[in-house]
Amino acid sequence: MRPTRPEFVPDPSLSRAEMESLQREVAAAADFSDDLSFEPASVSLATESLVPADDRPLVAGVDQAFLDDHAVSAVVVLRGGEVVERAHAVSELSIPYIPGLLSFREGGPILDAVAELDCEPDLFVFDGSGRIHFRQAGLATHMGVVLDTPAIGVAKSLLCGEPRESVDERPEGWQTPVVAADGVEPRAGVDGDGFAETVVGYAYQSRQYPNSMKINPLYVSPGHRVSAETTVELVARLGGEYKLPEPTRLADSYADEVKRDY
DNA sequence: GCGACAG
DNA sequence: ATCTTGTCGC
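On a predicted model such as this, the values are computed, not experimentally measured, just so you know. (Residues numbered from 1 in each chain as written. Chains lettered and ligands numbered in written order. Predicted model: local features only at pLDDT ≥ 70, side-chain atom pairs only at ≥ 80, totals over all residues. Heavy atoms only, no water.)

K.L.:
Report on the UniProt feature "binding site: Mg(2+)" (unreviewed entry) in chain A, specifying residues and quantitative values.
P.N.:
UniProt's entry tags Asp-63 and Asp-127 with the feature "binding site: Mg(2+)" (unreviewed entry), counted in the numbering of this structure. Over a stretch of 65 residues, the named residues converge on one spot in the fold, their C-alpha atoms separated by at most 5.9 Å. Residue placement: Asp-63 occurs in strand E1 (residues 58-67). Note on Asp-63: relative accessible area 6%, which makes it buried. If sequence neighbours within four positions are ignored, Asp-63 has contacts with Val-72, Ser-73, Ala-74, Asp-127, Thr-248, Ala-251, Asp-252 and Ala-255. Following the sequence through the fold, Asp-127 ends up in strand E4 (residues 123-127). (UniProt positions renumbered as here; feature names shortened; annotations may be inferred. Helix = DSSP H or I, 4+ residues; strand = E, 2+ residues; numbered from the N terminus. Buried < 20%, exposed > 50% of the residue type's maximum accessible area, 1.4 Å probe, protein only. Contact = heavy atoms within 4.5 Å.)

K.L.:
Lay out the protein's contact with DNA strand C in plain terms, naming residues and giving numbers.
P.N.:
Around DNA strand C, the surrounding shell consists of Ala-65, Phe-66, Lys-156 and Lys-259. Between a phosphate oxygen of DNA strand C and a main-chain N or O atom of Phe-66, the distance comes to 3.4 Å. For DNA strand C, a phosphate oxygen lies 3.1 Å from a polar atom in the side chain of Lys-156. (Near = heavy atom within 4 Å. Polar contact = N/O pair within 3.5 Å; in protein donor to acceptor, adjacent residues only side chain to side chain.)

K.L.:
Account for the packing of aromatic side chains, naming residues and giving values.
P.N.:
Each aromatic ring pair is specified by the distance between its two centres and by the angle formed by the two planes. Taken as a whole and assessed by the stated rule, the structure comprises one aromatic pair. Ring geometry for Phe-124 and Phe-126: centres 5.7 Å apart, planes at 15 degrees, overall stacked. A cation over an aromatic ring shows up here: Arg-249 above the ring of Tyr-242, its NZ or CZ 3.8 Å from the ring centre. (Phe/Tyr/Trp six-rings, centres within 6.5 Å; stacked < 30°, edge-to-face > 60°. Lys NZ or Arg CZ within 6 Å of the ring centre and 35° of its normal.)

K.L.:
Any details on the nonpolar core? Residues and values, ideally.
P.N.:
In this structure, Val-75, Val-77, Ile-110, Val-114, Phe-124 and Phe-126 are the most contacted members of the largest nonpolar core, which totals 34 residues. Secondary-structure elements contributing two or more residues to this core are helix H1 (16-29), E1, strand E2 (70-79), strand E3 (82-92), helix H2 (102-115), E4 and helix H3 (139-147). Here the element with the most residues in this core is H3; it accounts for six residues. For Val-75, the contacting residues outside a window of four places in its chain are Ala-60, Gly-61, Val-62, Glu-85, Arg-86, Ala-87, Ala-113, Val-114, Leu-117 and Tyr-254. Counting residues in each nonpolar core, the second largest holds 21 residues, with Phe-38, Val-43, Val-125 and Leu-238 among its members. (Core = buried A, V, L, I, M, F, W, Y, C linked by side-chain atoms within 4.5 Å.)

K.L.:
Describe in detail the pattern of salt bridges, supporting the description with residues and values.
P.N.:
A complete count under the given rule lists 15 salt bridges for this structure. Put simply, Arg-16 and Glu-20 hold a salt bridge, and the shortest N to O gap is 3.2 Å. Placement of both Arg-16 and Glu-20 in helix H1 is noted, with a separation of four residues, approximately one turn of the helix. Judged by relative accessible area, Arg-16 falls into the partly exposed class, the value being 47%. For Glu-20, a relative accessible area of 18% corresponds to the buried category. A salt bridge links Glu-165 to Arg-170, with the nearest nitrogen and oxygen atoms 3.5 Å apart. (Salt bridge = Lys/Arg side-chain N within 4 Å of Asp/Glu carboxyl O.)

Written out as structure tokens, the structure reads:
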């Protein structure tokens, strides 16, 4: 699969100011409302379904592992609970990790792995933020716009934005909106008025210990063509026995596997 | 100047 | 993200 919007492909050789301005263009091109080719309710990890296999969405989990200045990017595509394709790529990294500019370090390598994919996923699940980002253009948004495919971001910690309630010691299944106040910049000519109260994502407690509540929540946000509400629903439906959604876990272990035999 | 910061 | 053994607990 190749980029649909090559003009937005992250270029690590850009200056910081140029990277930020590209992010503003990406955010302006992003669609944070539902525009999916499938019914969110049809998403599940169940192997059996009343829905014909060909009508079930292809969900791709993307994650990476690192070795010195190389990234191992892995993509695992699921249809229900079945893995239908895996692809990976080992790419050279040109810039260090800079908060807010993650897609310029990892975006190219991710696209290298996605290029190896024969199928066209209906949804991408990225390891990182989407709309929960200083300029509303986190990794999931950037990749989603470049591929013009529905995408969501699943992060293990909060980059910016403000949860409406304290996220401490919450029970499994609990969720609360993350609003734009505190660090999220409105899109010129797009976001108006009370933007500070706009829901840019959700804190979601995917797993929790029955008695001692100590696991931190996940911070999920729309990447492209998905609303914040549908994003949490999808993450909930893609969750298995662990904290991270299954597509992400599988991509994570696949990346480690490739790194090990490298 | 101070604080905050996905992977 | 990565460096890393054992160990506490269900």
